[in-house]
Each structure stands twice: as C-alpha cells, then as structure tokens.
Amino acid sequence: MTVRPILVAPDKRLKLYSNPVEKVDAEIHALLDDLMETMYAGDGLGLAAIQIGVPKRVIVVDVHATADAPTPLKLVNPEILWFSPERIVYEEGCLSFPEYFADVERASAVRVRYLDENGKTQEIEAAETLAVCLQHEVDHLDGKLFVDHLSLVKRGIILRKMAKAARAQVKDA
Ligand code: ZN
C-alpha cells in the first residue's frame, strides 16, 4: 500500500470521465489499497481513483460516524440506481480542494450497485453522510466536482483562489 499524491483543482484531469473496470484483478486490488491508504492519510471520508490520476471507476469511502454502515467500503463500477426525493444539505469538502468547504444539496438517501473487491455484484442503501459521500465520489467518476453544485459566483470565487494558489506554488518551487 502506498500513499499517492492527490490531484488538486484546477487540475484538468479531475474533469475526465473515468472508464468502467472490466475485471477486478490484482491491479484493481492494489489500486483499492492505495486509495484507502491515501484517503486515511488525508483524513478524508472518500476518494475516487481519478483523484490520484487513474481514470477508472473505482472509489473508496469510510464514514466513521455512521455506525450501521459497513465501513470501509471499496466500490468498483458504482452506479446510483435510486435517489430519494428527500434532499439534505451537507457541508462538503474534498481532498482535491484542500481547505475549502461549502454547503451542497443532494438526495438524502441512495441505492448503489457496485462490484466488491471479489468482483461480486453488491447493492447497498445508504442515508445521510454515507449517501452524500457516495454521491460526491460517483460524481468524480463523471468529472463532476462538488463545486459544480454551487452557484456560478461561489464556484468562481473558489476556483480563482485555487488557481492563484497553484501559481504561487509554481513560483515558490
Ligand atoms: Zn472529492
């Protein structure tokens, strides 16, 4: 297991569409392990493969606070089959947006189908924190970021600050 560098917005790779996994093999197992390790190192609740530069439909989540959820979860080719009509507003962050948080409205519950690490099809129903986290991570696989749920003005403010920070870092290097 290796902690991998996390891509930080506005890195263009974060906007890529991630491809379905054809076979859950040793390479995917290694990817899942690296994702877990990297997520824990960054103290995140979830991480998508594209955030470490791998455009594959693979995510991990671990919402420690949700006692009845089977955590940690490793999901390959996750697909949201159902969104509850009830909505929830949750203050979200993202390891690709260090230090930025914003209120995002999403479905308060979802049903998700995925392949587990043995390549077996599984389905889970998730609510609240886990539901929010799964929607956030599945979004990453379609190149969608949590700031894309915000108003144009709010998103613009965050992205401009991130671009400025990236330029400053290049100058310092
Ligand atoms: Zn994220």
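By convention here, each chain's residues receive numbers from 1 onward along its written sequence. Local features in this predicted model are restricted to residues of pLDDT 70 or higher, and side-chain atom pairs are both shown and tallied only at a pLDDT of 80 or more, whereas totals for entire chains, interfaces and linings draw on every residue. Only hydrogens and water are set aside; all other atoms, that is, all heavy atoms of the structure, feed into the side-chain values.

**Q** Explanation requested: the coordination of the zinc ion in the structure shown.
**A** Any two of four tetrahedral donors ideally make an angle of 109.5 degrees at the metal, while pairs among six octahedral donors ideally make 90 or 180 degrees. Because water is not among the atoms used, a metal site may look incomplete, as its donors are only the N, O and S atoms within 2.8 Å, or 3.2 Å for Na, K and Ca. Looking at the zinc ion, the protein donor atoms are Cys94 (SG), His136 (NE2) and His140 (NE2), and they sit 2.1 to 2.3 Å from it. Of note, the zinc ion draws all its donor residues from one chain, in the sequence arrangement C-x41-H-x3-H. One end of the pair, Cys94, is in the loop between strand E4 (87-92) and strand E5 (102-107); the other, His140, is in helix H2 (residues 128-141), with 46 residues separating them in the sequence. Burial status follows relative accessibility: with a 1.4 Å probe on protein chains alone, a residue under 20% of its type maximum counts as buried, one over 50% as exposed, and anything between as partly exposed. Residue class for His140 comes out buried when judged on its relative accessible area of 1%. Secondary structure elements are taken from DSSP: a helix is a run of H or I of four residues or more, a strand is a run of E of two residues or more, and numbering for both begins at the N terminus.

**Q** Would you mind showing me how to read unusual backbone geometry here?
**A** Between Ala9 and the following residue, Pro10, the backbone shows a cis peptide bond with an omega angle of 5°. Along the chain, Pro10 falls in the segment before helix H1 (26-41). The phi dihedral of Glu128 falls on the positive side, at around 50°, and the residue is not glycine. Following the sequence through the fold, Glu128 ends up in helix H2.

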